[in-house]
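Descriptive structure summary
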Amino acid sequence: MKPNFSLRLRVFNLNCWGIPYLSKHRTDRVKRLGDFLNRESFDLALLEEVWSEQDFQYLRQKLLPAYPAAHYFRSGIIGSGLCVFSKHPIQEFTQHVFTLNGYPYMIHHGDWFCGKAVGLLVLHLGGLVFNAYVTHLHAEYNRQKDIYLAHRVAQAWELAQFIHHTSKKADVVLLCGDLNLHPKDLGCRLLKEWTGLHDAYLETRDFKGPEEGCTMVPENCYVNRQELEQFPLGIRIDYVLYKAVSGLYISCKTLRTTTGHEPHSGSPLSDHEALMATLCVRHSPPQHNPSPTHERSPLISVLREAWTELDQGMAQGRWWATIAGYVIGLGLLLLTLLCALVAGGEIREVAVLLWTPSVGLVLGAGAFYLFHVQEAKGLCRARAELQHVLGRAREAQDLGSESQSALLLGQQEGDRAEEQ
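For the structure given in this document, a descriptive report is provided here. What you are looking at is a predicted structure, and each value in this text was computed from that prediction instead of being measured. (Residues numbered from 1 in each chain as written. Predicted model: local features only at pLDDT ≥ 70, side-chain atom pairs only at ≥ 80, totals over all residues. Heavy atoms only, no water.)

What about the packing of helix H4 (residues 149-166) against helix H5 (residues 186-195)?
- The N-to-C vectors of H4 and H5 enclose an angle of 15 degrees; their axes lie 9 Å apart at closest approach. Between H4 and H5, the interaxial angle falls into the category roughly parallel. H4 and H5 meet at a crossing whose hand is right-handed. Two secondary-structure elements touch here, H4 through Val153, Ala156, Trp157, Leu159, Ala160, Gln161, Ile163 and His164 and H5 through Leu186, Gly187, Leu190, Leu191, Trp194 and Thr195.
- Here the residues of the contact of H4 with H5 sort into 10 nonpolar, 4 polar and no charged. (Axes fitted to C-alpha atoms, helices over the stretch in contact; angles between N-to-C directions. Helix = DSSP H or I, 4+ residues; strand = E, 2+ residues; numbered from the N terminus. Parallel < 35°, antiparallel > 145°, perpendicular 65-115°, else oblique. Left-handed = near helix turned anticlockwise from the far one by under 90°. Contact = heavy atoms within 4.5 Å. Nonpolar A, V, L, I, M, F, W, Y, C, P; charged D, E, K, R; others polar.)

What to know about a nonpolar patch on the surface
- Taken together, the side chains of Trp319, Trp320, Ile323 and Tyr326 make up a nonpolar region of the molecular surface, amounting to roughly 450 Å² of accessible area.
- Counting through the fold element by element, Tyr326 comes out in helix H7 (residues 297-344). (Patch = residues over 30% accessible without salt bridge, like charges linked within 9 Å, V, L, I, M, F, W, Y side chains within 5 Å. Areas by Shrake-Rupley, 256 points an atom, 1.4 Å probe, with all protein chains shown as cover. Salt bridge = Lys/Arg side-chain N within 4 Å of Asp/Glu carboxyl O.)

Re the packing of aromatic side chains
- Counted according to the given criterion, the structure contains 18 aromatic pairs.
- Seen from their ring centres, Phe12 and Phe36 are 5.8 Å apart, and the 50 degrees between their planes marks the pair as tilted. Residue Phe12 is found in strand S1 (residues 6-18), and its partner Phe36 is found in helix H1 (residues 26-40); the two are separated by 24 residues along the sequence. With respect to burial, Phe12 and Phe36 carry one shared label: buried.
- For the pair Phe56 and Tyr72, a centre-to-centre distance of 5.0 Å together with 35 degrees between the ring planes defines the contact as tilted. Taken together, the residues span a long stretch of sequence, with Phe56 in helix H2 (residues 53-63) and Tyr72 in strand S3 (residues 69-73) at a distance of 16 residues.
- Its relative accessible area of 5% is what places Phe56 among the buried residues.
- Judged by relative accessible area, which is 4%, Tyr72 ranks as buried.
- Site record: aromatic cluster; members linked through ring pairs are Tyr103, Tyr105, Tyr141, Tyr148, Trp319, Trp320, Phe368 and Phe371.
- The aromatic ring of Tyr222 is capped on one face by Arg29, whose charged end is 5.4 Å from the ring centroid. (Phe/Tyr/Trp six-rings, centres within 6.5 Å; stacked < 30°, edge-to-face > 60°. Buried < 20%, exposed > 50% of the residue type's maximum accessible area, 1.4 Å probe, protein only. Lys NZ or Arg CZ within 6 Å of the ring centre and 35° of its normal.)

Concerning the sheet that holds strand S8 (residues 172-178)
- Read from one edge to the other, the open sheet built from 6 strands follows the order S5-S6-S7-S8-S11-S9, with strand pairing classed as mixed. Two strands lie at the open edges of the sheet, namely strand S5 (92-97) and strand S9 (198-199), each paired on one side alone.
- Pairing analysis gives 7 bridges linking strand S7 (residues 128-136) to S8, with the strands arranged parallel. Each bridged residue has a counterpart across the sheet, and for Tyr133 the counterpart in S8 is Leu175.
- Of the strands in this sheet, S8, S9 and strand S11 (238-244) are in contact with H5, which crosses S11 at around 15 degrees. (Pairing = 2+ DSSP bridges.)

Points about the side chain of Arg383
- Examined against the element boundaries, Arg383 turns out to sit in helix H8 (residues 348-419).
- Not counting the four nearest positions on each side in its chain, Arg383 is found in contact with Trp307, Leu310, Asp311 and Met314.

Things to note about the environment of Leu241
- Relative to the assigned elements, Leu241 resides in strand S11.
- The exposure class of Leu241 is buried, given its relative accessible area of 0%.
- In this structure, Leu241 is in contact with Val173, Leu174, Leu175, Leu179, Leu191, Lys192, Leu197, His198 and Asp199, ignoring residues within four places of it in sequence.

A word on the pattern of salt bridges
- Summed over all chains, the structure comprises 17 salt bridges.
- Note that Arg26 is salt-bridged to Asp55, the shortest N-O span being 2.5 Å. Here Arg26, found in helix H1, pairs with Asp55, found in helix H2; they are 29 residues apart in sequence, far enough to count as distant.
- Looking at Arg26, the relative accessible area reads 17%, which means it is buried.
- A salt bridge links Glu53 to Arg74, with the shortest nitrogen-to-oxygen separation between them at 2.4 Å. Within this pair, whereas Glu53 is found in helix H2, its partner Arg74 is found in the loop between S3 and strand S4 (82-86), the two being separated by 21 residues in sequence.
- In the salt-bridge network here, residues are joined through shared partners; they are Glu140, Arg143, Asp146, Arg152 and Asp185.

In structure tokens, the structure reads:
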């Protein structure tokens, strides 16, 4: 690699809020999004909540001259809603669907039907391997009583693990998406600590957008202002995160966001604000390489916190499974009683009338039981992974402490020898 090597990458990210029949002015906004992307000609455009594959195909045709490579990540019943458009050839792509994604009986929320996931595409640029990830985590519907917190922490851990295991051959790692996490939330801290990703908003010296980098702001006409009553400035839940391997240095030169409206037409492209980052990758001379840190306390702390949250979620899942088991038993007992009444010829009409709801009760409770058993096992798996990583982190911290103690002891003995 040449000492003066430098590579510039322009990245666009947007949660498009593209729910067919429900999202306001969806068709018009998709058209204007296509016009905007063609006009700006980014290297990468990573989109979430493109729930209609027809919208993706429309954008695919419209953006073909400027973005010859594209991919739509399919999963779940409705779909992941994730897609990417690239000016550069896509060498590889794959995806990982999150194990836990809300509850199927919470139909009005709908996350379970989407198949939330993380998509990966691999690019080769300037002799470097770029791993670009796009994702969308479970929504937060009630911050005071968040019944999905354990699921979102599990998703953040799965996302971190997926990046950790698939980026070992990458020179540069880029993650964009709607994490549905505030910057100080447990899931966000867990993701950053385990992967080592840097936040473009915190790293850049040239930011232009809403105060505190908010990506859902009350000025946007599509945002429900009642949901932002506790956050008068808005909330920041959409991110551009990145890192580079040793020998390379990546920085965010500029970060721009829309401010409640699209720069050219004035109308919002979505209920979320778009993120537009200019990243620069260059050769890092040895003297400028950041020294590796041996401080493991922040990682250990966040791993413990995540382990506790998953443990509580697992206990809750098992509790619901137990309740469902009792209901199944009660339903089967009722069915047995009804069968006995019918066989004995007593109150046959009443028994037949109660038969259908009793069967429905058993089947419904059975489905409820199976789902929460699966939920508990998914949380247990994530907790076991966290526990293993936590144990290794503690060992590394102990070894580091012993090495530092031995070094300090050696220095003290050397000082005594010099004095003598």
